[in-house]
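Given next are the chains, with one letter for each unit.
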Amino acid sequence: FPTLFVHDGHARIADPVAGRLRMKGKGGYGTASLQAPPESTEELFTWVGHLVQELVDLEDYYFGSDKESKIAKVSQLAVAAADKLLSDSTGVGKAQVKSRAFCLKGRAASFVPGQEKLAEENLSKALKLDPQLLDAWNGLGEVYWNMQDISQAQRCFEQALEMSETPNPVSLRNLSMTLRAAGASNDPNQAATRQKNYAKGLEKAKEAVALAPEDPLNWETLGNAYVGNFFVNAKRPDEIKRALIAYEKSDAAYTKLGKWNPSLHFNRGMAAKYVEDYDLALKSFAKAQEIGAAGAAEERRKVLDLIEQLQEQFEKKKSRKFKDLISNFPSESFRNLKDLKAGKHPETSRLAVKVLSLLKRPGEVPVIAVCCDSSGESLVLSLYNSELTKLEQVLVPGRTILAVEQANVRQISVTASSQALSYSCVAVGNPSEVTVVFGASPGSSSSLACAAGGANVFSTAAERTMEEAPSVEHSANGTALGQTREECQEILIEAAKEAGPKGGRAAVLRALVPQLRSLVEKELENGAGERLERLEAMLERMGHGEVFQEECEEGKRYVLGYVEGLEPSKSAFHNPKTYPWSCELQRHWMEIQSELQGHLEGEVWELGPYAAPNKQYAPEWKIAKIFTADHWEDRFPTTQRIIQRLSGVRPFEVFFAQMPPKTKIAEHSDNQNY
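**Looking at the environment of Leu 118**
Structurally, the position occupied by Leu 118 is in helix H4 (residues 116-129). Its relative accessible area of 28% is what places Leu 118 among the partly exposed residues. The sequence separation of Leu 118 and Gly 106 amounts to 12 residues, and the corresponding C-alpha distance is 6.8 Å. Aside from chain neighbours lying at most four places away, what touches Leu 118 is Lys 105 and Ala 109.

As structure tokens, then:
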């Protein structure tokens, strides 16, 4: 896949550029190395731990010319102190003391280039004495990463997670990186493995964020995982947008800690450039350059060159004769930019454009053509999944006229060198959606499908995928917003009627998003209606008929309504240890049982909330409501009180369920993961 994004965020488990953090404002590096070593064993352990943290700070935050000598000095102090702990370890608890000392010695040695074998040896000794020593597993994994032994590093992080009583974000984050590194091969025979690794790497990054959302490295790793998954698994445009959101959260978390990370800003700049958010790209590359990211200056220059080229081409267009600009456009019904912006003729969105120039940007995505419409108005055609050299063989600047199916126009604005540039842009994700209606090169195809190339991914600006047919119908914008659930329901019914039987489902799903935004904002306020990205992504997938399918050890998952990031992520069964409130609930089982026994018979039992389907797979199944539709029932006060006191859970639906002996529930699913 395109090597646009190459850096992960951790200095000891990343590319050489990555992980360079700088302190901003107050802060600095540890002072343990300036203090004399203490006498007692526990105080000495604490001191060595501070020395190791000082090494982390120097590695990540310090960029002076004496960086290597400082690291070597602190590492030497830590190793010597760890050796003293090892030589003094006698009596009861000797194995535990030795394992901790070996771990600290190994970690201290791992920061010095050329000391990888010493680090590996000591961390391995620590694990032989204490196989559950989490720091040792993580440290050994980082050592193997630096030795470029990715498979061994992966095994260490997997072992750390297996040995730990609860999942830990460091191991999950590092495992995400190793999975993606293991899947980085472009060998077509390894495509399936690569796709699986990247998808799994994304899940691990999500788990790390869920456990420690305050850690900026977790958010940065999640952003990188989204980008990798976008390219490798050809995910929808939402993936890049989610990456940008993750980068933003990472930046906010770094700022809160007083830290800067050049790799974060570099990666955010690359993602922003890909979606043609050039203001954000310039800002990100400038920040990355300021704090030491290699390659940031070059990428910033590329964006500035692009803006300069666009300005130059728009100026050249002004000198062209108007009659030349609008000549040879077909007389049949096509739309122009003015029609698209005004929403006129919604029955068709075919846009006719004349190619004026192709920008020379070898290897850059997307390929950009400066064009004009039938009225002479300028615009940019951004062609994803296309190759510049192939397009040059088909298109004749100043002559070729193209028809773009299902065109969606947006406005791009950017300010560079105190000069503002704003232009209309139509992005195309599938070259086959563009046909030549006039002036192609002799012998060339009438479709731009012949110019397809590069990564077979979705355009982050176009609405459709490479595989989707260009004839998908779109409903008109500007639908009225309901103020109540009932009004929203009426609007959706009308949308379905207007679309007819073929397009009804997609039309309703498209109309549903603005209604949901309106209701959520009305209920929760504070911009909540604009924070429905995962839900919107799910509805978009449903509108296209996409189904989440996955094979796992417990069987096959088939989910129509799939909200990313919700548990269970990989298993059909929840681990109670992940949810402390479930353990608290279990402690009150006798009180709950006592209250339930008073209601085993009687009117409290009724058919489930979905009575019609229930009859198909479980006609004898009945429930006794505790909390449904935002309402607590009065008949179970003790159980209600226990549930309301639980920390870390917000109930959506709570009920008892019963079935007569020897009855069964047939196989069924609600086809959703929420």
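Alright, that's what it looks like, and here's the rest.
**Quick look at unusual backbone geometry**
Here the bond from Val 365 into Pro 366 is cis, since omega is 0 degrees, no more than 30 degrees from zero. Of note, Pro 366 is situated in the loop between strand S3 (351-358) and strand S4 (367-373). Phi at Glu 276 takes a positive value of approximately 65 degrees, unusual for a residue other than glycine. Tracing the chain through its elements places Glu 276 in the loop between helix H11 (262-274) and helix H12 (278-290).

**Some thoughts on the sheet that holds S4**
The strands that make up a sheet pair up through hydrogen bonds in the backbone, lying either parallel or antiparallel. Strands sit in the order S7-S8-S5-S4-S3-S6-S9 across an open sheet of seven strands; the sheet is mixed. At either margin of the open sheet sits one strand with a lone partner, and together these are strand S7 (409-416) and strand S9 (434-438). For this sheet, the mean inter-axis angle between neighbouring strands, taken without regard to orientation, is 45 degrees. With six bridges joining them, S4 and strand S5 (residues 378-383) adopt antiparallel strand pairing.

**Overview of the packing of helix H5 (residues 134-146) against helix H7 (residues 169-182)**
A packed helix pair is summarised by two numbers, namely the angle formed by the two axes and the spacing between the axes. Contact geometry of H5 with H7 gives a least axis separation of 11 Å together with a crossing angle of 25 degrees. The orientation of H5 relative to H7 falls into the category roughly parallel. The handedness of the crossing between H5 and H7 comes out as left-handed. Two secondary-structure elements touch here, H5 through Leu 134, Asn 138, Glu 142 and Trp 145 and H7 through Val 170, Ser 171, Asn 174, Met 177, Thr 178 and Ala 181. When grouped by side-chain class, the residues that make up the contact of H5 with H7 number five nonpolar, four polar and one charged.

**Quick word on helix H2 (residues 67-88)**
Between the first and last C-alpha of H2 there are 32 Å, a value that for 22 residues agrees with the 32 Å anticipated at 1.5 Å per step. Buried within H2 are the following residues: Lys 67, Ile 71, Val 74, Ser 75, Ala 78, Val 79, Ala 81, Ala 82, Leu 85 and Leu 86. For H2, the buried positions fall inside an angular range of 165 degrees around the axis, keeping them on one side. Away from its buried face by more than 90 degrees, H2 exposes Lys 73, Gln 76 and Ser 87.

**A short note on the packing of H4 against H5**
Two elements in contact, H4 and H5, have axes whose closest approach is 9 Å; the angle formed by their N-to-C orientations is 155 degrees. Compared by their axis directions, H4 and H5 come out roughly antiparallel. Regarding H4 and H5, the two cross each other, and that crossing is left-handed. Residues Glu 116, Ala 119, Glu 120, Leu 123, Ser 124, Ala 126 and Leu 127 of H4 form the contact with H5, whose participating residues are Ala 136, Trp 137, Gly 139, Leu 140, Val 143 and Tyr 144. In the contact of H4 with H5, the residues fall into nine nonpolar, two polar and two charged.

**Comments concerning the packing of aromatic side chains**
Scanning all chains against the criterion turns up nine aromatic pairs. Plain terms: the ring middles of Phe 230 and Phe 231 are 5.1 Å apart, the flat faces sit at 85 degrees to each other, and that makes the pair edge-to-face. Considered together, Phe 230 and Phe 231 belong to a single accessibility category, that of buried residues. With a centroid separation of 5.9 Å and an interplanar angle of 50 degrees, the aromatic rings of Phe 314 and Tyr 423 are classed as tilted. In this pair, Phe 314 sits in helix H13 (residues 296-318) while Tyr 423 sits in strand S8 (residues 419-428), placing the two residues 109 residues apart along the sequence. The class for Tyr 423 is buried, based on a relative accessible area of 4%. Counting every residue linked through ring pairs, the aromatic cluster contains Phe 230, Phe 231, Tyr 274 and Tyr 384. The cationic tip of Arg 100 hangs over the ring face of Phe 45; the distance from NZ or CZ to the ring centre is 3.8 Å. Across the ring face of Trp 219, the terminal group of Lys 249 is positioned such that the distance to the ring centre comes to 5.4 Å.

What counts, and where the lines are drawn
Residues numbered from 1 in each chain as written. Predicted model: local features only at pLDDT ≥ 70, side-chain atom pairs only at ≥ 80, totals over all residues. Heavy atoms only, no water. Helix = DSSP H or I, 4+ residues; strand = E, 2+ residues; numbered from the N terminus. Buried < 20%, exposed > 50% of the residue type's maximum accessible area, 1.4 Å probe, protein only. Contact = heavy atoms within 4.5 Å. Pairing = 2+ DSSP bridges. Axes fitted to C-alpha atoms, helices over the stretch in contact; angles between N-to-C directions. Parallel < 35°, antiparallel > 145°, perpendicular 65-115°, else oblique. Left-handed = near helix turned anticlockwise from the far one by under 90°. Nonpolar A, V, L, I, M, F, W, Y, C, P; charged D, E, K, R; others polar. Expected span 1.5 Å × (residues − 1). Arc of directions from axis to C-beta. Phe/Tyr/Trp six-rings, centres within 6.5 Å; stacked < 30°, edge-to-face > 60°. Lys NZ or Arg CZ within 6 Å of the ring centre and 35° of its normal.

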